[in-house]
Amino acid sequence: MSISAERAWQALSGMDNILILTHSTPDGDAIGSAFALYLALKKMGKTVFLHTDRVPSLMAYAVVPEAYGEGEPEHVVTVDVGDKKLLQEADRLRFGDRVDLNIDHHGTNVPFAKETYVDPSAAAAAEALYDIFTCGGLEIDREIAARLYTGVATDTGCFKYSNVTPKTLRVTAALLETGIDAAGMNTLLFDTKSPAYLAFERAALNGLRLCFDGKAALMVVTQQMYRDCGIDEADTQGVNAIPRTIEGVYAGLTLKEKKNGVYHASVRTKAPVIASEICKVFGGGGHPYAAGCELGTDLQAAQEKLLAAVREALSACGLL
Ligand SMILES: [Mn+2]
């Protein structure tokens with residue numbers, strides 16, 4: 001059960017000495033939301049610090065370096081975290097059982113905090129945060145707006161996915177009113193690729209294969225590919241979007257080997273195929289058309305399990 005935005009604001013107002021956490025391998029929404037909340041709490045006069053995993057290079061503009069800190073917080077708030085297991089391991093072990101408030105937008109949210117504000121109709125955790133801030137009467141300045149914009153823009157694929165609602169665009173309009181450089185951020189977020197990323201994308205595309213009569217596409221990404229291309233894993237998130245862009249593909253699959261050897265699947269689908277249902281089979285979750293799960297350390301077994309679940313989903317939709 002989600003608390004109201006009013007209650008979430010009240011909870012934040014009552015806290016001090018706060019640690020903000022987000023999910024590991026943070027995307028634009030995780031980064032944008034974490035730093036927006038940091039700036040908002042600062043503005044409210046709070047002592048606050050945060051932890052994040054490595055930030056994608058092109059999102060460096062959203063980072064507030066002095067926000068990072070260590071120490072013993074009194075309160076812990078998480079943003080964009082659909083499940084406790086998605087926290088960075090060190091944070092999960094230390095703080096996972098003492099999160100006061102989780103602010104999220106995943107329909108598959110598994111509650112783990114004392115209080116949860118989850119709005120699955122929000123395109124991004126950043127949109128949910130916007131609602132909480134406005135509900136409390138916080139003045140959203142340009143610095144906060146730029147981070148919220150980063151969250152909304154990235155989670156909507158630059159406003160092109162089905163999670164964009166009229167309200168998402170009204171929120172975005174309000175963010176633009178503050179004078180943020182949306183075009184500049186869009187260029188960095190959606191129209192910029194480093195030479196190393198391009199080499200990596202080429203290598204990933206080489207291994208892309210179509211399955212089930214072209215209804216699914218699978219790409220495998222290994223740690224060796226990161227090494228070969230001289231790229232940090234944090235800077236390769238864009239590749240997840242590729243398999244679904246192929247004509248006729250309903251399920252775009254990217255299997256990524258994590259540093260610990262475990263394969264993580266990113267599943268992106270087109271209606272009527274529901275990505276979060278495919279991932280639920282393996283204990284994962286996310287959004288209806290973009291979700292994720294973990295599939296163990298054996299690549300062959302991981303591919304077989306994932307494809308079997310995709311086959312089932314395609315048949316259930318009458319596509320096979
Ligand atoms: Mn999100």
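Note that the structure is predicted; figures quoted are calculated from it, not measured.

Structural notes on the sheet that holds strand β8 (residues 251-257)
Note on sheets: strands pair through backbone hydrogen bonds, and any given pair is parallel or antiparallel.
Here is step 1: Strand order in this open sheet of six strands is β6-β7-β8-β9-β11-β10, and the pairing throughout is mixed. Looking along the sheet, the strands with just one partner apiece sit at the ends: β6 (209-211) and β10 (285-286).
Here is step 2: As defined by bridge partners, strand β9 (residues 263-269) adjoins strand β11 (residues 290-294) across five bridges and the pair is classed as antiparallel. Residue pairing across strands places alanine 265 opposite cysteine 293, the latter belonging to β11.
Here is step 3: Of the strands in this sheet, β6, β7 (216-221), β8 and β9 touch helix α11 (residues 299-316), which is tilted by about 160° from β8.

Comments concerning the pairing of strand β1 (residues 18-22)
Residues in a regular strand project their side chains so that they alternate between the two faces of the sheet.
Here is step 1: By the criterion of burial, β1 is predominantly enclosed, with five of the five residues buried.
Here is step 2: Residues of β1 alternate between two faces, with Ile18, Ile20 and Thr22 on one and Leu19 and Leu21 on the opposite face, all of them buried.
Here is step 3: As paired strands, β1 and strand β3 (residues 75-79) are joined by five bridges and run parallel to one another. Looking at β3, one finds that leucine 19 is bridged to valine 76.

With respect to the domain arrangement of the chain
Here is step 1: Once the domains are mapped, the chain shows domain 1 (5-189) and domain 2 (195-316).
Here is step 2: The gap between the C-alpha centroids of domain 1 and domain 2 is 26 Å.
Here is step 3: Domain 1 puts 14 residues into the contact, and the matching count from domain 2 is 13 residues.
Here is step 4: Summing the contributions of domain 1 and of domain 2, the shared interface buries around 1,000 Å²; its carbon and sulfur component is 43%.
Here is step 5: For domain 1, the biggest contributors to the area lost against domain 2 are Thr25, Arg54 and Thr108; these three give 42% of the whole.
Here is step 6: For the pair domain 1 and domain 2, the number of links is two salt bridges.
Here is step 7: Linking aspartate 235 and arginine 54 is a salt bridge whose minimum nitrogen-to-oxygen distance equals 3.5 Å.
Here is step 8: In this assembly, domain 1 and domain 2 are joined by eight residue pairs in polar contact (both at pLDDT 80 or more).
Here is step 9: Of the residues in the side of domain 1 that touches domain 2, the class split is three nonpolar, seven polar and four charged.

A few points about the pattern of salt bridges
Here is step 1: Enumeration over the complete set of coordinates arrives at 15 salt bridges.
Here is step 2: A salt bridge links lysine 193 to glutamate 201; the nearest nitrogen and oxygen atoms lie 3.2 Å apart.
Here is step 3: Linking lysine 258 and glutamate 233 is a salt bridge whose minimum nitrogen-to-oxygen distance equals 3.1 Å. Here lysine 258 is found in the loop between β8 and β9, whereas its partner glutamate 233 is found in the loop between α9 (223-229) and β8, with 25 residues between them in sequence.
Here is step 4: Exposure remark for glutamate 233: the relative accessible area of 10% places this residue in the buried category.
Here is step 5: Bridged by salt links that share partners, the residues Lys43, Glu139 and Asp141 form one connected network.

How each quantity is defined
- Residues numbered from 1 in each chain as written.
- Predicted model: local features only at pLDDT ≥ 70, side-chain atom pairs only at ≥ 80, totals over all residues.
- Heavy atoms only, no water.
- Pairing = 2+ DSSP bridges.
- Helix = DSSP H or I, 4+ residues; strand = E, 2+ residues; numbered from the N terminus.
- Contact = heavy atoms within 4.5 Å.
- Axes fitted to C-alpha atoms, helices over the stretch in contact; angles between N-to-C directions.
- Buried < 20%, exposed > 50% of the residue type's maximum accessible area, 1.4 Å probe, protein only.
- Domains from an automatic or database assignment.
- Buried area = accessible area lost by both parts, 1.4 Å probe.
- Salt bridge = Lys/Arg side-chain N within 4 Å of Asp/Glu carboxyl O.
- Polar contact = N/O pair within 3.5 Å; in protein donor to acceptor, adjacent residues only side chain to side chain.
- Nonpolar A, V, L, I, M, F, W, Y, C, P; charged D, E, K, R; others polar.

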